[in-house]
Amino acid sequence: QDAVRRGVEIRWNSRTGTPRSMRGTLTEPGDGSPQEIARQFLRDQKELFGIQEDDANLQHLRTIEHRGIRHVTFRQVYQGLPVFGAEICVHIDQADRIHMVNGEYHADITVDDSTESISKTAAIYTVMSYLEIEGAPPADTSVELVIFPKDNDYYRAYQVRMDTRMPLGNWV
């Protein structure tokens, strides 16, 4: 609410109803590490972002510094599984002020657990079939169970990553 009073520009995500980005001087200089400053801002703005009271579903992914700006990225998890595409990045200047926050957060996730899931191997071979790849999976293939948002529903899904030469691609 402090951010709104300061005339901050907010772009909304029409699908989630939460901010896609906020720009402006969002805070005064903060105390603590960049991760602590970022997490405190998200706690203070939890109603705006739809973040649960207990922000344990925001997992620190990385903090990088580029040209004096610290970029603190959190990924959203649901029941221990990452939510596909749901990351929030908080950008902090050298004076420990937040000037931008962007990303995606899903406030009300529910997943239907009544259907049986396929195996990791079946997920890999499904992707290979779609890409018309025969033989063994590429050596660097990885598989991760995630929560996948589609329209207004959420599903457990396997995120399969593989690099291929034919067809050429870095597939997800």
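Definitions and cut-offs
- Residues numbered from 1 in each chain as written.
- Predicted model: local features only at pLDDT ≥ 70, side-chain atom pairs only at ≥ 80, totals over all residues.
- Heavy atoms only, no water.
- Pairing = 2+ DSSP bridges.
- Helix = DSSP H or I, 4+ residues; strand = E, 2+ residues; numbered from the N terminus.
- Core = buried A, V, L, I, M, F, W, Y, C linked by side-chain atoms within 4.5 Å.
- Buried < 20%, exposed > 50% of the residue type's maximum accessible area, 1.4 Å probe, protein only.
- Contact = heavy atoms within 4.5 Å.
- Phe/Tyr/Trp six-rings, centres within 6.5 Å; stacked < 30°, edge-to-face > 60°.
- Salt bridge = Lys/Arg side-chain N within 4 Å of Asp/Glu carboxyl O.

Caption draft 1: Focus on the pairing of strand β6 (residues 98-103). Judged from the 3 bridges that link them, strand β2 (residues 19-23) and β6 form a sheet pairing that is antiparallel. By the bridge assignment for β6, Met22 is matched with Val101. Pairing of strand β5 (residues 81-92) with β6, which is carried by 5 bridges, proceeds in the antiparallel orientation. By the bridge assignment, Ile92 is partnered in β6 with Ile98.

Caption draft 2: Layout of unusual backbone geometry. Cis geometry is found at the peptide bond from Met166 to Pro167, where omega equals -5°. Examined against the element boundaries, Pro167 turns out to sit in the loop between β8 (153-165) and β9 (168-171). The phi dihedral of Arg67 is positive, around 55°, even though this residue is not glycine. Non-glycine residue Asp151 carries a positive phi angle of around 55°. Following the sequence through the fold, Asp151 ends up in the loop between β7 (142-150) and β8.

Caption draft 3: Up close: the nonpolar core. Phe41, Leu42, Phe49, Val90, Ile98 and Val101 are the most contacted members of the largest nonpolar core, which has 19 residues in total. Elements with a minimum of two residues in this core: α2 (34-44), β4 (69-78), β5 and β6. When residues in this core are grouped by element, the largest group, 4 residues, is from α2. In this view, Leu42 contacts Phe49, Ile51, Leu58, Phe74, Ile88, Val90 and Val101; residues no more than four positions away in its chain are not counted. Formed by 8 residues, the second largest nonpolar core is a distinct cluster that contains Leu81, Val111, Ile147 and Tyr154.

Caption draft 4: Quick look at the packing of aromatic side chains. What the rule picks out here adds up to 1 aromatic pair. Seen in terms of ring centroids, Phe84 and Phe148 are 5.3 Å apart; in terms of plane orientation they differ by 50°. Their pairing is tilted. Taken together, the residues span a long stretch of sequence, with Phe84 in strand β5 and Phe148 in strand β7 at a distance of 64 residues. A relative accessible area of 34% means that Phe84 is categorised as partly exposed.

Caption draft 5: The pattern of salt bridges, seen in detail. A complete count under the given rule lists 9 salt bridges for this structure. Close ionic contact of Asp55 with Arg43 constitutes a salt bridge, the shortest N to O distance being 3.0 Å. Placement of Asp55 in the loop between α3 (46-49) and β3 (58-66) and of Arg43 in helix α2 is noted, with a sequence separation of 12 residues between them. Owing to a relative accessible area of 8%, Asp55 belongs among the buried residues under this scheme. Notably, a salt bridge pairs Arg62 with Glu87, separated by 3.8 Å at the nearest N-O pair. Of the two residues, Arg62 is situated in strand β3 and Glu87 in strand β5; the sequence distance between them amounts to 25 residues. Overall, Arg62 belongs to the partly exposed group, its relative accessible area being 38%. Residue Glu87 is classed as partly exposed on the basis of its relative accessible area, which comes to 33%. Several salt bridges share partner residues, and in doing so they unite Arg39, Arg43 and Asp55 into one network.

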